[in-house]
Amino acid sequence: MDELRIGLEGIAVAETKISCIDGETGRLIYRGELVEDAIKDRAFEDIAYLLWNGTYPTKEQSENFKKTLANHRNLPDYVKAVIKNLPSDLDAMSVLRTAVSALHVQGSSWPPTQEQAIEILAKAPVIIAFYYHNRQGQKEIPPDPSLGHVENYLYMLTGKKPELSHLRALETYLMLAADHDMNASTFTARVVTSTQADIVSAIVAAIGALKGPLHGGAPSEVENMLDEIGNEANAEAWIRAQLDKGERIMGFGHRVYKTYDPRAVALKAIVKQFSADNAMFKLSLAVEEKAIELLNEYKPGRKLFTNLEFWAAGVLRTINIPKDLYTPTFSIGRIAGWSAQILEQAEHNRIIRPGSVYVGKKPSK
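As the structure is a computational prediction, the values presented were derived from the model and not from experiment.

Caption draft 1: View of helix H15 (residues 308–318). Among the 11 residues of H15, 10 are classified as buried, and the element is accordingly described as predominantly covered. Looking only at H15, the buried set comprises Leu-308, Glu-309, Phe-310, Trp-311, Ala-312, Ala-313, Gly-314, Val-315, Leu-316 and Thr-318. Two residues or fewer past H15, Asn-320 is found with a positive phi of approximately 65 degrees.

Shown next as structure tokens:
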């Protein structure tokens, strides 16, 4: 009989050189480097290149990679038509999932290639921005090939080049979110890839997994929580009331990390640089301090600390990303990681086929 591990907890299903979590010490590693070091003075494209190739690009490789991504941003008219004809009340993640599924990338042949991954990574922000303007009855803002991946996304949403502080904050968030070991959406992408399905199918499946509220969507829930708390003086009473009811405190705790999420440390440092006088930031600091104190009081030994999503809420709100675009925006970064995992799975492929423990009725004979 197969050993039962609900949720596959504690089960390794692949070998990887891409990323690794040390939950006990609070470390996330990208290709042999601590994530906070890997992203230092880097652009998002450099991190995507690192995850895909195992090394940082040279200056020439970086320029060529950025140019190649920019050259693949244009969205085909038929994909725009798909988006326009979807129900008006369809949520942004469903639109992203559907539009990506319609992409025809380099023949979608097996095995998947970096060229295919580049097309999906380049077009995802354009899909989100096109959807956003179409929903509001506005004209689309075409991509600007002179801008980087993250800067162009913000430009397409607003029609203006973003402030440097806003760009750096979002770029940091997306680099930190680019890959995270064998999470639910990454596992989904690798399972689909293991069947020798095309890369579009694997990415669409990963988007579907991220759409689930237990995996994606946490920053918007954190923002709702902060809005309900309202001010620093109300933090303790609100948090105690939630804990007394047995409710979760959003943005705290992680299934893997048993200490402070290193991504939250790095993002908090960036937020501090540009939001020192921001009311949301000040409230976040007060809530973080009080929540950790009370979680330790109510759940001693559980080691519940701040995670990435808590500080992501402050970043996304401060740079005025619409709340329903929070999870799609996260996807812009995570597609880089999914693609790296898909390429690695294909390189040493074996179909992923776990067993199960049958607990149903047995035949009489």
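More follows now that the structure is in view.
Caption draft 2: Summary view of the packing of aromatic side chains. Scanning all chains against the criterion turns up six aromatic pairs. Centre to centre, the rings of Tyr-173 and Phe-330 are 6.3 Å apart; their planes meet at 50 degrees, and the pair counts as tilted. On the criterion of sequence distance, the pair formed by Tyr-173 in helix H8 (residues 164–176) and Phe-330 in helix H16 (residues 326–347) is long-range, its members being 157 residues apart. Owing to a relative accessible area of 1%, Tyr-173 belongs among the buried residues under this scheme.

Caption draft 3: Main features of the pattern of salt bridges. With the rule as written, the count across this model stands at 15 salt bridges. Close ionic contact of Glu-140 with Lys-80 constitutes a salt bridge, the shortest N to O distance being 3.0 Å. Linking Glu-140 in the loop between helix H6 (114–135) and helix H7 (149–158) with Lys-80 in helix H4 (residues 77–84), this pair joins segments that are 60 residues apart in sequence. Here Lys-80 falls in the buried class, since its relative accessible area comes to 17%. Taking the shortest distance from any N to any O, the salt bridge between Arg-317 and Asp-227 comes out at 2.6 Å. Taken together, the residues Arg-317 in helix H15 and Asp-227 in helix H11 (residues 218–229) connect sequence positions 90 residues apart. Judged by relative accessible area, which is 32%, Arg-317 ranks as partly exposed. Within the structure, one salt-bridge network assembled from shared partners comprises Glu-236, Arg-240, Lys-290, Glu-293 and Glu-297.

Caption draft 4: Region of interest: the layout of surface pockets. Considering only enclosed or pocket space, the largest pocket measures out at about 1600 Å³ in volume. As for the largest pocket, its lining consists of 50 residues, and the residues nearest its centre are Asn-183, Ala-184, His-254, Arg-255 and Val-256. Those elements that place two or more of their residues in the lining of the largest pocket are strand S1 (19–22), helix H9 (184–194), H11 and H16. Ranked by the residues each element gives to the lining of the largest pocket, the list is headed by H16, at four residues.

Caption draft 5: Quick peek at unusual backbone geometry. A positive phi angle, near 50 degrees, is found at Arg-31, a position not held by glycine. Inspection of the secondary structure assignment puts Arg-31 in the loop between strand S2 (27–30) and strand S3 (33–34). On the accessibility criterion, Arg-31 (24% relative accessible area) is partly exposed. Backbone geometry at Asp-41 places phi at a positive 60 degrees, although glycine is not the residue there.

Caption draft 6: The nonpolar core, seen in detail. Grouped together as the largest cluster of nonpolar side chains are 108 residues, with contacts concentrated most on Tyr-173 and Met-225. Setting aside residues up to four positions removed in sequence, Met-225 forms contacts with Trp-238, Ile-249, Met-250, Phe-252, Val-287 and Phe-310.

Caption draft 7: The arrangement of the side chain of Glu-344 in detail. Position of Glu-344 among the secondary structure elements: in helix H16. Judged by relative accessible area, Glu-344 falls into the buried class, the value being 12%. Among the polar contacts listed, one links the side chain of Glu-344 to the side chain of Arg-190, at a separation of 2.9 Å. Sequence-distant contacts of Glu-344, defined by excluding residues within four places in its chain, comprise Glu-15, Thr-16, Lys-17, Ile-18 and Arg-190.

Definitions and cut-offs
Residues numbered from 1 in each chain as written. Predicted model: local features only at pLDDT ≥ 70, side-chain atom pairs only at ≥ 80, totals over all residues. Heavy atoms only, no water. Buried < 20%, exposed > 50% of the residue type's maximum accessible area, 1.4 Å probe, protein only. Helix = DSSP H or I, 4+ residues; strand = E, 2+ residues; numbered from the N terminus. Phe/Tyr/Trp six-rings, centres within 6.5 Å; stacked < 30°, edge-to-face > 60°. Salt bridge = Lys/Arg side-chain N within 4 Å of Asp/Glu carboxyl O. 1 Å grid on protein atoms, 1.4 Å probe; cavity = no way out; pocket = protein on both sides within 12 Å on 5 of 7 lines; lining within 4 Å. Points joined across faces, edges and corners; volume = space filled by probe spheres on them. Core = buried A, V, L, I, M, F, W, Y, C linked by side-chain atoms within 4.5 Å. Contact = heavy atoms within 4.5 Å. Polar contact = N/O pair within 3.5 Å; in protein donor to acceptor, adjacent residues only side chain to side chain.

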